[in-house]
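# Notes for the structure review
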Amino acid sequence: MVTPSDRVHQFFQELEAKKAILAKCTNLFATLSTHFSSLQNSLNDKSQSLDAKLQALESRSSETLESLRHREASIPERESAAAAHIHDQKEAALAELRAPAPPDPDLSVALRSLSRRMDAAALLRFVVSKRKESASLRAELAAALAEAVDPPRLVVEAVEEFLKSKVAKSGVTDKRWACGLVIQALMVSEAREYSRRIVERAVKVVESWKGLLDESGAAEVVMFLQMVVCFGLRSRFDDDYLRKFVMEFASRRDMAKLAASLQFGDKIIDIIDELIKNGKEIEAVYFASESGLTERFPPIDLLKSYHQNYKKNVTTMSKKGNNNHAVTDDSSTTELNSIKAIIKCVEDHKLESEFDLDNLRKRATHLEKSKAERKKNSSSGTKPQNKRGSRGSGSSSSRPAKSAKFNNAQSSSFSRRNLAPSLQPRASSRFSGPFSYPSQTIFEGATANPYTATYGSSHAQSPAGITQQHYSIPVDNLGPSSYRSSGSYSGQASYGIYDYINGAPSTYPPPYTVDQTPYRG
């Protein structure tokens, strides 16, 4: 028998069940409302985005059509101006050919004369002969190249001359250096449209050059990439092929600009990431700056990371060396180069307000003084002894002193030639004193920045500025005067310091377009 209390209890249970159902329905309704609201908002956003893109497309289309109409209307005027310019240059070249050659022309006159004659082979020979005047060459070559009837054709012919020497294996080093200057002179010139004929000729030259790059050094690879950028040949090469060169020679002073001009797109992010993973944060700063990615790769964070890493490396080297003098010198040199790389990078990007350099400059000054003192002590400790002892001193000295003298004579002989290992006498059997080979060094000629002449400005150098450039290019890049063709900027052991000392950072002009009009040169 059901009592009233049971009925009441059952009634409340039914109410609780209905309440739970209502709660579930309410939650489901709220969820569905939120979902449909988000869909509505998403559709609205996409609709607004599409409207904005359509407006931008219409705006760009109208601007492009207006530009095309303007260019089409200006074609007759441009043709007449180009024809007049070519006629003037032709007359100047003919007058140059008819006039007798001056007995001793200055550098500027000679460069302009050779450019007007369109004689690429003679131009390269002249530039090689004036290698000791490299700073003046860079200052005058761009202006002289503009005097040519067809500057891009002259550059292409210069590269052809260089490739002939490379195939013949004769005078490669000198012509590589001279050809590099000629290409740089065209790179910094005003943007212009090249004829299809010249571009097709440049394509053939670059394709033939591509097969000769397997054993080439960094300087030649930079020249190759400059030709690709200059004549707008980027689409003819795979990303991986060009990226390999960029990564291998990332420390070259021009590589950051070239990488930005090669239009890697989003892949430049992967390149910078790889540089950071490889411990090349300084290079990453330059790449990010040239590519406009400083927000994604903050320079200050990269510099701090590089600073911490080189300190760890120096500490590790010192611990492993157990206070060995050679290891101490190596660690000090590594630290000094790293500090200079940071200082140059901060100065180039004007980050002094965000990255304090006072302590680094003091540390660099201390390391340079210590290095000078060690060098002075080392040189004073190896002074040759007197041939004979002082009279009356009671020392009998003739044999040891003569041995020391003989050692010095042999030392200079060994610095000029090397005997075969089997023919070299043992020191212990011939000499009574220790035998030491002199260190062989090569004079590092100071090369001016190729952009100094064009832009006429320079960075202020800090007291801890770079006193010596270290290069990562092979020895065959040395010419008769022992000048290097270009430099690099890393402070690591295998690379030199970034060299923007003599010129302000610049960007390359956009890739040149192909003129569809018939060739007139």
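It should be emphasised that the depicted structure is a prediction, and the values quoted were computed from it without experimental measurement.

A few words on the overall build of the protein chain. From N to C terminus, the protein chain includes 18 helices and 2 strands. Expressed as a percentage of its 521 residues, the buried residues of the protein chain come to 39%. Pairs at least 24 residues apart make up 75% of the contacts formed inside the protein chain by residues separated by at least 6 positions. Carbon and sulfur atoms provide 52% of the accessible area of the protein chain, an area that totals close to 30400 Å².

Okay, the pattern of salt bridges next. All chains considered together, the criterion is met by 19 salt bridges. Among the salt bridges present, the one from Arg153 reaches Glu157, with a minimum N-O distance of 3.4 Å. Of the two residues, Arg153 and Glu157 are both situated in helix H5 (residues 151–168); the distance of 4 residues between them amounts to about one turn of the helix. On the accessibility criterion, Glu157 (16% relative accessible area) is buried. In this structure, the salt-bridge partner of Lys164 is Glu161, at a minimum N-O distance of 3.9 Å. Placement of both Lys164 and Glu161 in helix H5 is noted, with a separation of 3 residues, approximately one turn of the helix. Residue Lys164 is classed as exposed on the basis of its relative accessible area, which comes to 54%. Here the residues in one salt-bridge network are Arg153, Glu157, Glu160 and Arg201, joined through shared partners.

With that settled, the discussion passes to helix H11 (residues 267–277). If you check which residues of H11 are buried, you get Ile268, Ile269, Ile271, Ile272 and Leu275. Across the axial projection of H11, the buried residues extend over an arc of 160 degrees, all falling on one side. Packing partners of the buried residues in H11 comprise helix H9 (239–248), helix H10 (255–261) and helix H12 (281–291). One or two residues past the end of H11 sits Gly279, with phi positive at roughly 80 degrees.

Chain-level pLDDT for the protein chain is 75 on average; 70% of the residues reach the 70-or-more range. Below a pLDDT of 50 lies the segment residues 387–486, which in the model reaches 161 contacts outside its immediate sequence neighbourhood of four places, other chains included. Scored below 50 in pLDDT, residues 490–521 shows 129 contacts in the model against residues more than four places distant or in partner chains.

The next point concerns the packing of helix H8 (residues 218–230) against H9. Across the interface, H8 lies against H9 with an axial gap of 10 Å and an inter-helix angle of 140 degrees. Classified by the angle their axes make, H8 and H9 are oblique. Both H8 and H9 take part in a crossing whose hand is left-handed. Residue-level inspection shows Val221, Phe224 and Leu225 of H8 in contact with H9, the latter providing Tyr241, Leu242 and Phe245.

Here we come to the packing of aromatic side chains. In the structure shown here, the tally under the stated rule is 9 aromatic pairs. With a centroid separation of 5.9 Å and an interplanar angle of 70 degrees, the aromatic rings of Phe162 and Trp209 are classed as edge-to-face. With Phe162 in helix H5 and Trp209 in helix H7 (residues 196–210), this pair connects stretches of sequence that are 47 residues apart. Residue class for Trp209 comes out buried when judged on its relative accessible area of 0%. Considering the side-chain rings of Phe224 and Phe245, the 6.3 Å spacing of their centres and the 70 degrees angle between planes classify their relative orientation as edge-to-face.

Moving on, we come to the environment of Ser291. Following the sequence through the fold, Ser291 ends up in helix H12. C-alpha separation for the pair Ser291 and Ala259, spaced 32 residues apart in sequence, amounts to 8.1 Å. Beyond its immediate sequence surroundings of up to four residues, Ser291 is in contact with Ala260 and Ile268. Within the structure, the side chain of Ser291 is placed 2.9 Å from the backbone oxygen of Phe287, a separation counted as a polar contact.

This part covers unusual backbone geometry. Phi at Gln263 is positive, roughly 60 degrees, even though this residue is not glycine. Note that Gln263 resides in the loop between H10 and H11. One non-glycine residue, Lys350, lies in positive phi territory at about 55 degrees. For Lys350, the position within the fold is in the loop between helix H14 (325–348) and helix H15 (358–381). Look at Lys350 and you get exposed, because its relative accessible area is 61%.

Definitions and limits used
Residues numbered from 1 in each chain as written. Predicted model: local features only at pLDDT ≥ 70, side-chain atom pairs only at ≥ 80, totals over all residues. Heavy atoms only, no water. Helix = DSSP H or I, 4+ residues; strand = E, 2+ residues; numbered from the N terminus. Buried < 20%, exposed > 50% of the residue type's maximum accessible area, 1.4 Å probe, protein only. Contact = heavy atoms within 4.5 Å. Areas by Shrake-Rupley, 256 points an atom, 1.4 Å probe, with all protein chains shown as cover. Salt bridge = Lys/Arg side-chain N within 4 Å of Asp/Glu carboxyl O. Arc of directions from axis to C-beta. pLDDT = per-residue confidence, 0-100. Axes fitted to C-alpha atoms, helices over the stretch in contact; angles between N-to-C directions. Parallel < 35°, antiparallel > 145°, perpendicular 65-115°, else oblique. Left-handed = near helix turned anticlockwise from the far one by under 90°. Phe/Tyr/Trp six-rings, centres within 6.5 Å; stacked < 30°, edge-to-face > 60°. Polar contact = N/O pair within 3.5 Å; in protein donor to acceptor, adjacent residues only side chain to side chain.

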